[in-house]
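# Secondary and tertiary structure notes
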Amino acid sequence: MMFGFDGDTKGLKIILNRIASNDDSGKLTHKEVRAYARCMLAIFEFLKIDTELEAEIKILLAALSGSGIPHYDRSFLASSILELLERNDLLKIQETSKEYF
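Now for a look at the structure at hand. (Residues numbered from 1 in each chain as written. Predicted model: local features only at pLDDT ≥ 70, side-chain atom pairs only at ≥ 80, totals over all residues. Heavy atoms only, no water.)

## A few points about the side chain of Arg74
Along the chain, Arg74 falls in helix H4 (residues 71-100). Summary of buried charges: Arg74 has no salt-bridge partner, and the nearest side chain of opposite charge, Asp73, is 8.2 Å away. A distance of 2.7 Å separates a polar side-chain atom of Arg74 from the backbone oxygen of Leu64. Of note is the side chain of Arg74, whose polar atom sits 2.9 Å from the backbone oxygen of Ile69. Setting aside residues up to four positions removed in sequence, Arg74 forms contacts with Ile19, His30, Val33, Arg34, Leu64, Gly66, Ser67, Gly68 and Ile69. (Helix = DSSP H or I, 4+ residues; strand = E, 2+ residues; numbered from the N terminus. Buried < 20%, exposed > 50% of the residue type's maximum accessible area, 1.4 Å probe, protein only. Lys, Arg positive; Asp, Glu negative; His and termini not counted. Salt bridge = Lys/Arg side-chain N within 4 Å of Asp/Glu carboxyl O. Polar contact = N/O pair within 3.5 Å; in protein donor to acceptor, adjacent residues only side chain to side chain. Contact = heavy atoms within 4.5 Å.)

Encoded structure:
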């Protein structure tokens, strides 16, 4: 646990939704999106992510933090990460269900 952070991905999803809806509108600047992505990468090891999905999510976050990527592409990357996090949530539910049976 880092500074009371329990590894829940809820806050991460909120930020990624903000980036995903930022396609061409430019509400968030490229610099702001890269800053978010770098921060998400810095806390990645503390997130509760299934090992099956870790590598893919991490590489998409790294790509999101890169320079020279248009808003549309950053929006697509954020949406892709959100889909993987939803899969992660489903895997957690399945694991929890198995524990009860």
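Resuming the write-up.
## Concerning helix H2 (residues 30-43)
For H2, spanning 14 residues, the distance from its first C-alpha to its last is 20 Å, which sits close to the expected 20 Å at 1.5 Å a residue. Of the positions making up H2, those classed as buried are Val33, Arg34, Ala37 and Met40. Considered in projection along H2, the buried side chains sweep an arc of 125° and stay on one side of the axis. Opposite its buried face, H2 presents the exposed residues Lys31, Cys39 and Ala42, each directed more than 90 degrees away. (Expected span 1.5 Å × (residues − 1). Arc of directions from axis to C-beta.)

## Regarding the packing of helix H1 (residues 10-20) against H2
Remark: H1 packs on H2, axes separated minimally by 11 Å, with the N-to-C direction vectors making an angle of 155°. Viewed along their axes, H1 and H2 adopt a mutual orientation that is roughly antiparallel. Between H1 and H2 lies a crossing of left-handed hand. Only Val33, Tyr36 and Met40 of H2 make contact with H1, whose side of the interface consists of Leu12, Ile15, Leu16, Arg18 and Ile19. (Axes fitted to C-alpha atoms, helices over the stretch in contact; angles between N-to-C directions. Parallel < 35°, antiparallel > 145°, perpendicular 65-115°, else oblique. Left-handed = near helix turned anticlockwise from the far one by under 90°.)

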